[in-house]
Amino acid sequence: MEALPTLLRKQGYKKIKFIISKTNHLLVKAKVNGVRGVFILDTGASNSCVGFESVDWFQLQAKSSNTQASGAGAIGMLTQLAQNNTLQIGRWHSKEFHLVIFDLSHVNMALLQHNAKTVHGIIGADVLMESAAIIDYHNQLLYMK
């Protein structure tokens, strides 16, 4: 039987290493518009997002949005939208990447309370589905096509 990494490579998947934080979050390094950041991989997040404080950092063109966000511990949060950005995770990339922008301070405050490093944002199911992602928890690898 063929090894999974070999089979996935033949099918066009890119292999990306992630780390597991002190809080058991999966963390991946990514570039948005060519700028590096640290993101939580979150299969339960419908959209990828960044905090308001990262708008300038990632050179985003934020536009108002009528959508309200909700997440663990917070509901009804105001959002903005940044469309047509580039996203690169390892050797995988997307040229028309849309980001939801909202207040991530509650996430980063929770991380700091556990002596964990803060993040710039979250990579959600939108990206994971687009890339047909496969998460290998045991080997701490993310495969993206």
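Values in this document were obtained by computation on a predicted structure and should not be read as measured data. (Residues numbered from 1 in each chain as written. Predicted model: local features only at pLDDT ≥ 70, side-chain atom pairs only at ≥ 80, totals over all residues. Heavy atoms only, no water.)

## Observations regarding the layout of surface pockets
- One number sums up the size of the second largest pocket: a volume of about 250 Å³.
- Contributing to the lining of the second largest pocket are 13 residues, with Ile19, Leu27, Lys29, Val38 and Lys117 lying nearest its centre.
- The set of elements that each furnish at least two residues to the lining of the second largest pocket consists of strand 1 (14-17) and strand 3 (26-32).
- The element that contributes the greatest number of residues to the lining of the second largest pocket is strand 3, accounting for three residues. (1 Å grid on protein atoms, 1.4 Å probe; cavity = no way out; pocket = protein on both sides within 12 Å on 5 of 7 lines; lining within 4 Å. Points joined across faces, edges and corners; volume = space filled by probe spheres on them. Helix = DSSP H or I, 4+ residues; strand = E, 2+ residues; numbered from the N terminus.)

## Examining the nonpolar core
- Counting residues in each nonpolar core, the largest one holds 25 residues, and the members touching the most others are Leu60, Leu87, Ile89 and Ile123.
- At the level of elements, strand 3, strand 4 (35-41), strand 7 (74-89), strand 8 (92-102), helix 3 (125-130) and strand 11 (141-144) are the ones that each hand at least two residues to this core.
- Of all hydrophobic cores here, the second largest spans 12 residues; its members include Cys49, Phe102, Leu111 and Ala116. (Core = buried A, V, L, I, M, F, W, Y, C linked by side-chain atoms within 4.5 Å. Buried < 20%, exposed > 50% of the residue type's maximum accessible area, 1.4 Å probe, protein only.)

## Points about helix 2 (residues 105-113)
- Along helix 2, the residues that are buried comprise Val107, Asn108 and Leu111. The arc enclosing the buried residues of helix 2, seen along the axis, measures out at 90°, which places them on a common side. In helix 2, those exposed residues whose orientation departs by more than 90 degrees from the buried face are Met109, Leu112 and Gln113.
- Turning to helix 2, the residues buried within the fold contact strand 4.
- Immediately downstream of helix 2, the backbone of Asn115 shows phi near 55°, a positive value. (Arc of directions from axis to C-beta. Contact = heavy atoms within 4.5 Å.)

## Considerations on the sheet that holds strand 10 (residues 134-136)
- Read from one edge of the open sheet, three strands run 1-11-10, paired in antiparallel fashion. Unpaired on one side and paired on the other, strand 1 and strand 10 mark the two borders of the sheet. Neighbour to neighbour, the strand axes of the sheet diverge by 25° on average, direction disregarded.
- Relative to strand 11, strand 1 is paired through four bridges, and the arrangement is antiparallel. For Lys17, the partnering residue across the bridge sits in strand 11 and is Leu141. (Pairing = 2+ DSSP bridges. Axes fitted to C-alpha atoms, helices over the stretch in contact; angles between N-to-C directions.)

## Overview of the environment of Leu111
- Structurally, the position occupied by Leu111 is in helix 2.
- Of the residues examined, Leu111 reaches a relative accessible area of 4% and is grouped as buried.
- Between the C-alpha atoms of Leu111 and Tyr137, which are 26 residues apart in sequence, the distance is 21 Å.
- In this view, Leu111 contacts Thr23, His25, Ala116, Lys117, Thr118 and Val119; residues no more than four positions away in its chain are not counted.

## Brief notes about the side chain of Ser54
- With respect to the helices and strands, Ser54 occurs in the loop between strand 5 (49-51) and strand 6 (62-71).
- With residues up to four places along the chain from it excluded, the contact list for Ser54 reads Leu60 and His120.

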